[in-house]
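# A closer look at the structure
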Amino acid sequence: MHKIDIFDTTLRDGEQSAGINLNTQEKLEIARQLEKYGVSIIEAGFPASSPGDFEAVKLIADTVKNSVVTGLARTIKGDIEAAWEALKGGVQPHLHTFIATSPIHMQYKLNKTPEQVIELAVESVKLARKYFPLVQWSAEDATRSDKDFLVRIMNEVIKAGATTINVPDTVGYATPAEYGALFKYLTENVNGIERVKLSAHCHDDLGLATANTLAAIENGATQVEGTINGIGERAGNVALEEIAVALHIRKDYYQTESGIILKETKRTSQLVSKLTGVAIQPNKAVVGKNAFAHESGIHQDGMLKNPETYEIITPELIGDASTELVLGKHSGRHAFSSRAVEMGFHLSDEKLNAAFAAFKKLADSKKEITEDDLFVLLTDQQVKTSEVDVYELESVQVQYGTSNIPTATVQAKTPSGQVEVVSSTGAGSVEAIFNTLEKLVNGKVHIIDYRVSSVSKGRDALGEAVINLTYNDVVSVGRNASQDVLEASAKAYLNAINRQLIKAHYQERVPVTQ
Ligand code: KIV
Ligand code: ZN
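No experiment lies behind these values; they were computed from the predicted model shown.

Here is what the cut-offs are and how they apply
- Counting starts from 1 at the beginning of each chain's written sequence and moves along it residue by residue.
- Each chain takes a letter, starting from A, and each ligand takes a number, starting from 1, following the order in which they are written.
- pLDDT decides what is reported in this predicted model: residues at 70 or higher carry local features, side-chain atom pairs at 80 or more are listed and counted, and totals for whole chains, interfaces and linings draw on all residues regardless.
- For the side-chain quantities, the full set of heavy atoms in the structure was used; hydrogens and water were omitted.
- Every helix listed is a DSSP run of H or I at least four residues long, and every strand listed is a run of E at least two residues long, numbered separately from the N terminus.
- It is over C-alpha atoms that the radius of gyration is taken, and the globule rule equals 2.2 Å times the number of residues to the power 0.38.
- Partly exposed residues are those whose accessible area sits between 20% and 50% of the maximum for their type, while under 20% is buried and over 50% is exposed, using a 1.4 Å probe and protein chains only.
- In what follows, residue pairs with any heavy atoms lying within 4.5 Å of each other are defined as contacts.
- Using a 1.4 Å probe, the Shrake-Rupley method yields the accessible areas, and only the shown protein chains count as cover for residues.
- Neither His nor the chain termini are counted; the positive set is Lys and Arg, and the negative set is Asp and Glu.
- Lysine's charge is taken at NZ, arginine's at CZ, aspartate's at CG and glutamate's at CD.
- What makes two strands pair is DSSP finding at least two bridges between them.
- For helices, the axis comes from a line fit to the C-alpha atoms of the stretch in contact; other axes are also lines fit to C-alpha atoms, and the angle between any two N-to-C directions lies between 0 and 180 degrees.
- Residue ranges labeled as domains rest on an automatic or database domain assignment.
- Note on terms: buried area is the combined drop in 1.4 Å-probe accessible area of two parts once they are placed together, counting the loss on both.
- Note on definitions: salt bridges are taken to be side-chain nitrogens of Lys or Arg within 4 Å of carboxyl oxygens of Asp or Glu.
- Definition of a polar contact: a pair of N or O atoms within 3.5 Å, with one able to donate and the other able to accept a hydrogen when the atoms are protein atoms, and with sequence-neighbouring residues admitted only if both atoms are side-chain atoms.
- Buried residues of nine kinds, namely Ala, Val, Leu, Ile, Met, Phe, Trp, Tyr and Cys, make up a nonpolar core once their side-chain atoms join them within 4.5 Å.
- Each residue is tested against the molecule or strand, and it is near if at least one of its non-hydrogen atoms lies within 4 Å.
- Should the near helix be turned counterclockwise from the far one by less than a right angle, the crossing is left-handed, whereas a clockwise turn marks it as right-handed.
- For this scheme, ten residues count as nonpolar: Ala, Val, Leu, Ile, Met, Phe, Trp, Tyr, Cys and Pro. Four count as charged, namely Asp, Glu, Lys and Arg, and the remainder, Gly too, count as polar.
- Any two of the Phe, Tyr and Trp rings considered here, Trp counted by its six-membered ring, make a pair once their centres fall within 6.5 Å; the pair's planes then place it as stacked at under 30 degrees, edge-to-face at over 60, or tilted in between.
- Donor atoms are limited to N, O and S found within 2.8 Å of the metal ion, a distance that becomes 3.2 Å for Na, K and Ca. With water left out, some sites might look partial.
- Orient the strands so they point away from the viewer; a crossover is then right-handed if the path from the first strand over the helix to the second runs clockwise.

## Side note on the overall build of the chain
- Along its length, the chain carries 18 helices and 18 strands.
- The globule rule puts the C-alpha radius of gyration for 514 residues at 24 Å, and the 24 Å found for the chain is close to it.
- In the chain, which comprises 514 residues, the share counted as buried stands at 54%.
- When contacts within the chain are restricted to residue pairs at least 6 apart in sequence, long-range pairs at least 24 apart make up 68% of them.
- A total accessible area of about 22,300 Å² is found for the chain, and carbon and sulfur atoms account for 51% of it.
- Distance between charge centroids for the chain: 2 Å, based on 52 positive and 66 negative side chains.

## Section: the sheet that holds strand 15 (residues 419-425)
- The strand order 13-14-15 describes an open sheet built from three strands, whose pairing is antiparallel. Two strands in the sheet have a free side with no partner beyond their single neighbour: strand 13 (392-399) and strand 15. With strand direction ignored, the average angle separating the axes of adjacent strands in the sheet is 15°.
- The sheet contact formed by strand 14 (residues 407-413) and strand 15 spans seven bridges and is antiparallel. By the bridge assignment, Thr-407 is partnered in strand 15 with Thr-425.
- With respect to the sheet, helix 17 (residues 429-441) is in contact with strand 13, strand 14 and strand 15, its orientation differing from that of strand 15 by roughly 135°.

## Some thoughts on the domain arrangement of the chain
- For the chain, the domain assignment lists domain 1 (2-276), domain 2 (333-382) and domain 3 (392-509).
- Averaged C-alpha coordinates put domain 1 and domain 2 at centres separated by 35 Å.
- The partner domain 2 presents ten residues to the nine residues of domain 1 that form the contact.
- Counting each side, the surface lost to burial between domain 1 and domain 2 is near 870 Å², with a carbon and sulfur contribution of 53%.
- Interface area lost by domain 1 to domain 2 is led by Glu-29, Arg-267 and Lys-274, which between them contribute 55%.
- Summed over the shared surface of domain 1 and domain 2, the number is one salt bridge.
- A salt bridge links Lys-274 to Asp-380, with the shortest nitrogen-to-oxygen separation between them at 3.3 Å.
- Taken together, domain 1 and domain 2 are joined by two residue pairs in polar contact (both at pLDDT 80 or more).

## Some details on unusual backbone geometry
- The residue Asn-111 is not glycine, and still its phi comes out positive at about 55°.
- Considering the arrangement of structural elements, one finds Asn-111 in the loop between helix 5 (103-110) and helix 6 (114-131).
- Even without a glycine there, the phi angle at Asn-442 is positive, about 55°.

## Side note on the nonpolar core
- Formed by 111 residues in total, the largest nonpolar core has its most connected members in Trp-137, Met-154, Ile-165, Val-167, Phe-336 and Leu-378.
- At eight residues, the largest contribution of residues to this core is made by helix 7 (residues 147-160).
- Not counting chain neighbours up to four residues away, the residues in contact with Val-167 comprise Ala-142, Met-154, Tyr-179, Leu-182, Phe-183, Leu-186, Leu-198, Ser-199 and His-201.
- Counting residues in each nonpolar core, the second largest holds 24 residues, with Tyr-391, Leu-393, Val-445 and Tyr-493 among its members.

## What to know about the site of ligand 1
- Taken together, Arg-12, Asp-13, His-96, Phe-98, Ser-138, Glu-140, Pro-168, Thr-170, His-201 and His-203 make up the full set of residues near ligand 1.
- Here Arg-12 contributes a side-chain N or O atom positioned 3.0 Å from an oxygen atom of ligand 1.
- The protein chains hide 95% of the 260 Å² of surface that ligand 1 would expose on its own.
- Looking at the shell around ligand 1, the elements that each hand over two or more residues are helix 1 (10-14), strand 5 (94-100) and strand 6 (134-140).

## What about the pattern of salt bridges?
- Summed over the entire model, instances satisfying the criterion amount to 31 salt bridges.
- Between Lys-27 and Asp-53 there is a salt bridge, with its nearest N and O atoms 2.9 Å apart. Of this pair, Lys-27 sits in helix 2 (residues 24-37) while Asp-53 sits in helix 3 (residues 51-63), and the two are 26 residues apart along the sequence.
- The salt bridge involving Lys-284 is made with Glu-241; its shortest N-O contact spans 2.9 Å. Here the residue Lys-284 occupies a position in the loop between helix 12 (265-276) and helix 13 (297-305), and Glu-241 occupies one in helix 10 (residues 240-249), the gap between them amounting to 43 residues.
- With a relative accessible area of 9%, Lys-284 lands in the buried category.

## Let's talk about the packing of helix 17 against helix 18 (residues 485-505)
- In contact at an axis separation of 10 Å, helix 17 and helix 18 are set at 30° when each is read in the N-to-C sense. In the crossing of helix 17 with helix 18, the sense of the turn from one axis to the other is right-handed. Contact residues: Ser-429, Val-430, Ile-433, Phe-434, Leu-437, Glu-438, Leu-440 and Val-441 in helix 17; Leu-486, Ser-489, Ala-490, Tyr-493, Leu-494 and Ile-497 in helix 18.
- Here the residues of the contact of helix 17 with helix 18 are counted per class, giving eleven nonpolar, two polar and one charged.

## Quick word on the packing of aromatic side chains
- All told, the structure shown has ten aromatic pairs when counted by the stated rule.
- On the numbers, 5.4 Å between centres and 55° between planes, the contact of Phe-336 with Phe-356 is tilted. With Phe-336 in helix 14 (residues 333-342) and Phe-356 in helix 15 (residues 349-365), this pair connects stretches of sequence that are 20 residues apart.
- On the accessibility criterion, Phe-356 (15% relative accessible area) is buried.
- Among the aromatic residues, those joined into a cluster by ring pairs are Trp-84, Tyr-131 and Phe-132.

## Side note on the coordination of the zinc ion (ligand 2)
- Protein coordination at the zinc ion (ligand 2): the donors are Asp-13 (OD), His-201 (NE2) and His-203 (NE2), at 2.0 to 2.1 Å from the metal.
- As a motif over one chain, the donors of the zinc ion (ligand 2) read D-x187-H-x1-H. Note that Asp-13 is positioned in helix 1 and His-201 in strand 8 (residues 197-202), a separation of 188 residues in sequence.

## A few points about the pairing of strand 9 (residues 223-226)
- With burial as the criterion, each face of strand 9 is covered, one bearing Gln-223 and Glu-225 and the other bearing Val-224 and Gly-226.
- In this sheet, strand 9 lies alongside strand 2 (residues 5-8) in parallel orientation, the contact comprising four bridges. Its bridge partner lying in strand 9, Ile-6 is registered against Val-224.
- As paired strands, strand 8 and strand 9 are joined by three bridges and run parallel to one another. The partner of His-201 across the bridge, within strand 9, is Glu-225.
- Between the parallel elements strand 8 and strand 9, the chain passes through helix 9 (residues 209-218) in a crossover that is right-handed.

Structural data, given as structure tokens:
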């Protein structure tokens, strides 16, 4: 058995995907869960990209103790220095710096010759090593680069002090055989490669990210990078939970150990989906809602006779026991708080009281409170920020009849502290609410996507609304779970607006260019 380090970039490459904008508390929550999940390295963000990213990376580096925390930097002095300021409080400060090595990137994006690119890479690694004990260097667009140029530049950056060499398939272009062969070639030709970690980083444009990552492992990779649920730029990155489960189920073949705590898989996946607003497709490997559902009669019959006939992964392996009944309406604050701790939440007294009040309210109208319900309540409190004045829904009322014009009236507190009552109509109840809220927030709102789903099972299940919108042309995602889907929709809408106000408070992210 050899060890594969799992490098999670959900908070950097994942957060780069369209429509995702996590705030600092949410990023910290995800980082804590990743630490519990057992990832070796957490890429917490790109500190030089915005004050908000800087603050989040610093908070995560100062908080997380059992995973190495890293941040991204271009080959620019200011980026490396900003990263040091953000990461120096970490247990083992680690920097990730990169430059593109493919002809198309060097010529059109960087406008640099290959010699200049080598020089920049070497200078940046040398500078980074003045601060950081661990420096990862990435050859962006490695799979469309000349392999002998890769060998040359890698020889130089290893000499300059890089401790990890990453070989990204930036545009998801490689096939498994090609990607595996590239790792073999680098392993055989780069000087000193045996002294550093060799890392795979796959994007999923051709749906080959998992196969490519496994091919890299078979050919010498000692670290793999990816995101939870495979979120990321365009078609996303490799889904780390798929790699971790594949290495576990087929350890007879791969002979590797990832250190991932598999029973935290479901929780990690749900948290990332909830906070990013990116839904998990039902048939997604490992964490999809249907990953363990057996519909056909032949399969069900086989399962009853021996589950191993059709089930190679059990729900228990990935911690999917979420429909368990955990607390009832007579449960007290003590039982509630112990359960919260068992579930891995660390809430202040104030937040715990607010979560307990929400639990009591829910328990009054919902017979069974499941772990999924508790997860929603506790996460909502955990990630709440009180630093910025935002919109707060006080009430929403909708008049609907098949032969009436649906009309909504909303009472809400605005960021200026005033309470306003607004009303509008729409073609349906949801549109009436959205039109009313658009008046309230006094800006141009365009709805890109809107989904409602149930959090657990049964007719009294919580309804979760997720909304992607643009507010004054800036994309934002909002969500809320309530017992009534109309209330959840109104709150999700205001959540999307509020998240933008919070983001604006910490300034916008600047685009990543090099
Ligand atoms: O895909 C990529 O090339 C990257 C680099 C920044 C490592 O994410
Ligand atoms: Zn990437």
